[in-house]
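Observations on chain architecture
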There are 2 protein chains.
Amino acid sequence: MGQRRTEVLRAAIELLDEAGLDALTMRLLASRLGVRASALYRHYPSKQALLDAMVASLVGPASVPEEGTWEESLRGAASGMREVMLAHRDGARLISGFHHPGDEAVAVFTRLVEALAGAGVPAEGAAVAVDTVLAYANGYTIEEQARKTEWPRAERDRAFDAGLELIIGGIRTSLP
Amino acid sequence: MGQRRTEVLRAAIELLDEAGLDALTMRLLASRLGVRASALYRHYPSKQALLDAMVASLVGPASVPEEGTWEESLRGAASGMREVMLAHRDGARLISGFHHPGDEAVAVFTRLVEALAGAGVPAEGAAVAVDTVLAYANGYTIEEQARKTEWPRAERDRAFDAGLELIIGGIRTSLP
DNA sequence: ACCTGAACACCGTTCAAGT
DNA sequence: ACCTGAACACCGTTCAAGT
């Protein structure tokens, strides 16, 4: 049944990558599918609903590793978030622009807090730590993707990791 | 001479606060000024140019304290950035959406790096530290302002400060 | 110097109607 | 179930013309 819905979603992500978020228009998307814009409203009630579905689909694969130290969990979640955003044109703007609590994001958060708690980090400190790492990853990546002046990916990775280790070091020394 | 230009800018910021970034329309702004939209193009060559001017005017007051420890400089810059964003409706989206290197932002950055260097922090480490703190402040505030579910300002301040201290602690322990 | 009027090429969205 | 045609109420921007 609703497989045309999936096709619309796929085409929307394709158009995002090719033309960017500002050019992602219901009318243009429809013409890519050989259809009129009004036909899209059979599948998504609004453009916003389509954008929400895109975010969910891009962010879905983000996860936190099941095992390892809390340092590894934090690193994996932060890098995974950044990877997801960098994987698509305007990914950071799209994802950070509309991420209400968002089911999946909440799950990642609680899983991380549990990982820290399991390693003996007090609950309150764990929540702050996770919040801080995720805010950093979002902030870094938004700025990274907004800047036109592309310095090489390898150097951007190094700078991101250096900041991440700084925060992890801070968490470690805040432990009892 | 160009004082009507300033009036347009002031009205634009007023409209931003009252109606939000999405409702900030050349046509609506013009009607607020008792004028047609086309008249605005005498003062700003495009809507984007107006938005740039708004960012410059909001972010201008942001500064880093002249004296104090490097910890205080970092705290001041991060809190100042957040304050500026929170001071206007959709401030985070507007500012983070278009901040090319931006004269003033570059000055803040270099002033902070110098403050750390003056305190004996090696140049490379100082740049990473400043980048990390600013990325955190941006990331935290964007998320804070995007979330509808308002928890009290005092608690949000506390959470922001806790993350900031975590990072500052990490910087401190990374010192030689 | 500043503004109007009219136009151009677009938007998102709705809704009756078709197959 | 899926799509068309036509419309509605908007956009940003340009440009000749007015004062």
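Residues numbered from 1 in each chain as written. Chains lettered and ligands numbered in written order. Predicted model: local features only at pLDDT ≥ 70, side-chain atom pairs only at ≥ 80, totals over all residues. Heavy atoms only, no water.

Chain A is annotated in an unreviewed UniProt entry as Transcriptional regulator from Amycolatopsis camponoti.

Our focus in this paragraph is the interface of chain B and chain A. Listed per partner, the contact involves 25 residues of chain B and 25 residues of chain A. Taking both sides of the interface into account, the surface hidden between chain B and chain A amounts to around 2,000 Å²; carbon and sulfur atoms contribute 71%. Where chain B packs against chain A, one counts 0 salt bridges. Counting the contacts that link chain B with chain A gives 0 residue pairs in polar contact (both at pLDDT 80 or more). If one sorts the elements of the side of chain B that touches chain A by residue count, helix 7 (residues 123-146) of chain B sits on top with 11 residues. For the side of chain B that touches chain A, the residue count by class is 11 nonpolar, 10 polar and 4 charged. (Contact = heavy atoms within 4.5 Å. Buried area = accessible area lost by both parts, 1.4 Å probe. Salt bridge = Lys/Arg side-chain N within 4 Å of Asp/Glu carboxyl O. Polar contact = N/O pair within 3.5 Å; in protein donor to acceptor, adjacent residues only side chain to side chain. Helix = DSSP H or I, 4+ residues; strand = E, 2+ residues; numbered from the N terminus. Nonpolar A, V, L, I, M, F, W, Y, C, P; charged D, E, K, R; others polar.)

With that out of the way, let us pick up the pattern of salt bridges. In total, this model carries 28 salt bridges over all chains according to the counting rule given. For B:Arg32, the salt bridge goes to B:Glu18, with nearest N and O atoms at 2.9 Å. Of this pair, B:Arg32 sits in helix 2 (residues 26-32) while B:Glu18 is found in helix 1 (residues 3-19), placing the two residues 14 residues apart along the sequence. What makes B:Arg32 partly exposed here is its relative accessible area of 42%. Between B:Arg147 and B:Glu143 there is a salt bridge, with the nearest N and O atoms lying 2.8 Å from each other. For B:Arg147, a relative accessible area of 27% translates into the label partly exposed. By sharing partners, the salt bridges in this structure join A:Arg82, A:Glu83, A:Glu144, A:Glu150, A:Arg153, A:Arg156 and A:Asp157 into a single network. (Buried < 20%, exposed > 50% of the residue type's maximum accessible area, 1.4 Å probe, protein only.)

This part takes up the protein's contact with DNA strand C. Neighbouring DNA strand C are 17 residues; A:Arg27, A:Tyr41, A:Lys47, B:Arg4 and B:Arg36 lie closest to it. Considering DNA strand C, the proportion of its atoms within 4 Å of the protein that are sugar or phosphate atoms stands at 48%. The separation between a phosphate oxygen of DNA strand C and a polar side-chain atom of B:Arg36 is 2.7 Å. Of the residues that constitute the surface near DNA strand C, the class distribution is 6 nonpolar, 5 polar and 6 charged. (Near = heavy atom within 4 Å.)

Residue and element names in this part refer to chain B. Direction vectors running N to C along helix 1 and helix 3 (residues 47-59) enclose 85°, while the axes themselves pass 10 Å from each other. Taken together, helix 1 and helix 3 sit at an angle that is classed as roughly perpendicular. Taking contact as the criterion, the partners of Leu-9, Ala-12, Ile-13 and Leu-16 in helix 1 are, on helix 3, Leu-50, Ala-53, Met-54, Ser-57 and Leu-58. Among the residues making up the contact of helix 1 with helix 3, the classes are represented as 8 nonpolar, 1 polar and no charged. (Axes fitted to C-alpha atoms, helices over the stretch in contact; angles between N-to-C directions. Parallel < 35°, antiparallel > 145°, perpendicular 65-115°, else oblique.)

This brings us to the domain arrangement of chain A. Residue and element names in this part refer to chain A. The domain architecture assigned to chain A consists of domain 1 (3-45) and domain 2 (57-173). Computed from C-alpha coordinates alone, the two centres of domain 1 and domain 2 are separated by 29 Å. Each partner contributes residues to the interface: domain 1 has 9 residues there, and domain 2 has 8 residues. Between domain 1 and domain 2 the total buried area reaches about 720 Å² when both faces are included, carbon and sulfur atoms providing 58% of it. When residues of domain 1 are sorted by the area they lose upon contact with domain 2, Leu-16, Asp-17 and Leu-21 head the list and together hold 59% of the total. Counting across the interface, domain 1 meets domain 2 through 1 salt bridge. Here Asp-22 makes a salt bridge to Arg-93, at a shortest N to O gap of 2.8 Å. (Domains from an automatic or database assignment.)

A few words on the relation of the copies chain B and chain A. Overlay of chain B on chain A (RMSD 0.1 Å): rotation 180°, translation along the axis 0.0 Å. Such a combination of rotation and displacement between the chain copies is what one expects of a two-fold axis. Counting the interface residues of chain B, we find that 100% of their copies in chain A are interface residues as well, pointing to one common contact surface. (Least-squares fit on C-alpha atoms with pLDDT ≥ 70 in both.)

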